[in-house]
Amino acid sequence: MNRSASSPSDRQGQSPTSTFLECPVSAFGRRPAETARWHCRISGEGPAVLLAMHGFSQSASWFNHLAEPLRGVAELWSVDLPAHGLTEWPCSVDRPRRCRPQDMVALLDAVREASGKPVEVLGFSMGGRYAAALAAAAPERIRHLHLAAPESLQPNRGQQFGTRTWLGRWLLRRQIEHPGVFLRPTDWLQKRGLLKAKMADFFRANLASRALREQLHLTWNAMRGLPADPPALARAANSAELPVSLYLGRRDMLVSLPAARRFAAALDNGCLSVVEQGHFVPMMPGFGKLLAEACTQGDRP
């Protein structure tokens, strides 16, 4: 692991700083072993690190508001995920590359080495898939797992179809130049009452520009290597005695509350918090305080 930093870490309350961690990306299929250059935004201070993973089309700065409520509890390291922000993931539109659990473990080990502190992990939405896959692969290396409206509680059928079938891959690539491939069915389903307006608007927003459509293509292919397997995660967490905190919005139209309850029930050391919110749970007033309280409970060295 190689580390390069743009400026000193925020140990005394300065503005957020950036660190780049160079980590190996394992060989897979026809793709050789390569190197990823992960960008982490560091702010706040505390005896532990909270490694935060954002949602689709967001970046590391999305978690800036959590640094202050976490001050004294955890130093915030927010990472740009593949195809987002300043992270250099070895891929292109012509040659997308999947991320695998061992690639996330390499990132975790790099953060632990660079910080010299125990690490807790927070995953929101898409970032919840990355966080869950990491925790399932290396639960003993994480002090506490926090999942906020995670995209890991049930299969993403669209992502599976778009990356695991020849027709889906063709359509996913075609939508870059011809977004109507996805937008026309969205309009049709909404007009017939088969798709709620908020869900349709969310979908349109994520296909609004060519840059976002390319990002969707690269992101879904990167996520192809990360399983959404709640039972496996529960078994791994229970075996390693890993505390898991789950946060769900009661009005979330993207994440199933019954699925969250089933997952929480399978955990020996789990807690489910249902809040009056939609999908963007971390933006809720008071979430930082809720997260800070969870960070200080049920932790392990």
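Placed above this text is the structure.
These remarks concern the structure in this document. (Residues numbered from 1 in each chain as written. Predicted model: local features only at pLDDT ≥ 70, side-chain atom pairs only at ≥ 80, totals over all residues. Heavy atoms only, no water.)

Before going further, it helps to spend a moment on the pattern of salt bridges. Counted by the stated rule, this structure contains 18 salt bridges. Between Glu68 and Arg71 there is a salt bridge, with the nearest N and O atoms lying 3.1 Å from each other. Exposure remark for Arg71: the relative accessible area of 30% places this residue in the partly exposed category. It is possible to trace a salt-bridge network through shared partners that takes in Asp109, Arg112, Glu140 and Arg141. (Salt bridge = Lys/Arg side-chain N within 4 Å of Asp/Glu carboxyl O. Buried < 20%, exposed > 50% of the residue type's maximum accessible area, 1.4 Å probe, protein only.)

Quick look at a nonpolar patch on the surface now. On the surface, a cluster of nonpolar side chains totalling about 490 Å² of accessible area is made up of Phe161, Trp166, Leu167 and Trp170. Here the element with the most residues in the nonpolar patch is helix α5 (residues 166-174); it accounts for three residues. Here Trp166 lies in helix α5. (Patch = residues over 30% accessible without salt bridge, like charges linked within 9 Å, V, L, I, M, F, W, Y side chains within 5 Å. Areas by Shrake-Rupley, 256 points an atom, 1.4 Å probe, with all protein chains shown as cover. Helix = DSSP H or I, 4+ residues; strand = E, 2+ residues; numbered from the N terminus.)

The subject of this paragraph is the layout of surface pockets. When its volume is computed, the largest pocket comes out at roughly 1100 Å³. Lining the largest pocket are 38 residues, with Asn156, Phe202, Phe203, Trp220 and Leu254 positioned closest to its centre. Mapped by element, the contributors of at least two residues to the lining of the largest pocket are α4 (157-164), α5, α6 (180-191), α7 (197-205) and α8 (210-223). Broken down by element, the lining of the largest pocket gets its largest block of residues, five residues, from α4. Within the lining of the largest pocket, the residues separate by chemical class into 22 nonpolar, 14 polar and two charged. Here the second largest pocket is characterised by a volume of approximately 340 Å³. Together, 16 residues line the second largest pocket, and Pro96, Arg97, Arg98, Asn221 and Arg224 are the ones closest to its centre. Looking at the lining of the second largest pocket, the elements with two or more residues in it are α4, α5 and α8. Considering every element that reaches the lining of the second largest pocket, the biggest residue donor is α5, with three residues. Across the lining of the second largest pocket, the residue classes tally to three nonpolar, five polar and eight charged. (1 Å grid on protein atoms, 1.4 Å probe; cavity = no way out; pocket = protein on both sides within 12 Å on 5 of 7 lines; lining within 4 Å. Points joined across faces, edges and corners; volume = space filled by probe spheres on them. Nonpolar A, V, L, I, M, F, W, Y, C, P; charged D, E, K, R; others polar.)

Attention now goes to the side chain of Gln159. Inspection of the secondary structure puts Gln159 in helix α4. From its side chain, Gln159 meets the backbone oxygen of Trp220 in a polar contact 3.0 Å long. If we ignore the near neighbours within four places in the chain, the residues touching Gln159 are Arg129, Trp220, Met223 and Arg224. (Polar contact = N/O pair within 3.5 Å; in protein donor to acceptor, adjacent residues only side chain to side chain. Contact = heavy atoms within 4.5 Å.)

Direction vectors running N to C along α4 and α5 enclose 100°, while the axes themselves pass 5 Å from each other. Classified by the interaxial angle, the pair formed by α4 and α5 is roughly perpendicular. Contact residues: α4 offers Phe161, Gly162, Thr163 and Arg164, while α5 offers Trp166, Leu167, Gly168, Arg169, Leu171 and Leu172. Here the contact of α4 with α5 is composed, by residue class, of five nonpolar, three polar and two charged. (Axes fitted to C-alpha atoms, helices over the stretch in contact; angles between N-to-C directions. Parallel < 35°, antiparallel > 145°, perpendicular 65-115°, else oblique.)

The relation between two aromatic rings is expressed through the spacing of the ring centres and the mutual angle of the planes. Under the criterion given, the structure shown has seven aromatic pairs. When the ring of Trp62 is compared with that of Phe280, the centres are 6.4 Å apart and the planes differ by 55°; the resulting orientation is tilted. With Trp62 in the loop between β4 (48-53) and α1 (67-70) and Phe280 in the loop between β9 (270-275) and α11 (287-295), the pair connects residues that are 218 residues apart, well separated along the chain. Given a relative accessible area of 18%, Trp62 falls into the buried group. Ring geometry for Phe182 against Phe203: centres 6.3 Å apart, planes inclined by 45°, an arrangement best described as tilted. Here the residue Phe182 occupies a position in helix α6, and Phe203 occupies one in helix α7, the gap between them amounting to 21 residues. Exposure remark for Phe203: the relative accessible area of 29% places this residue in the partly exposed category. The ring of Phe20 is capped by Arg37, whose NZ or CZ atom sits 4.2 Å from the centre of that ring. (Phe/Tyr/Trp six-rings, centres within 6.5 Å; stacked < 30°, edge-to-face > 60°. Lys NZ or Arg CZ within 6 Å of the ring centre and 35° of its normal.)

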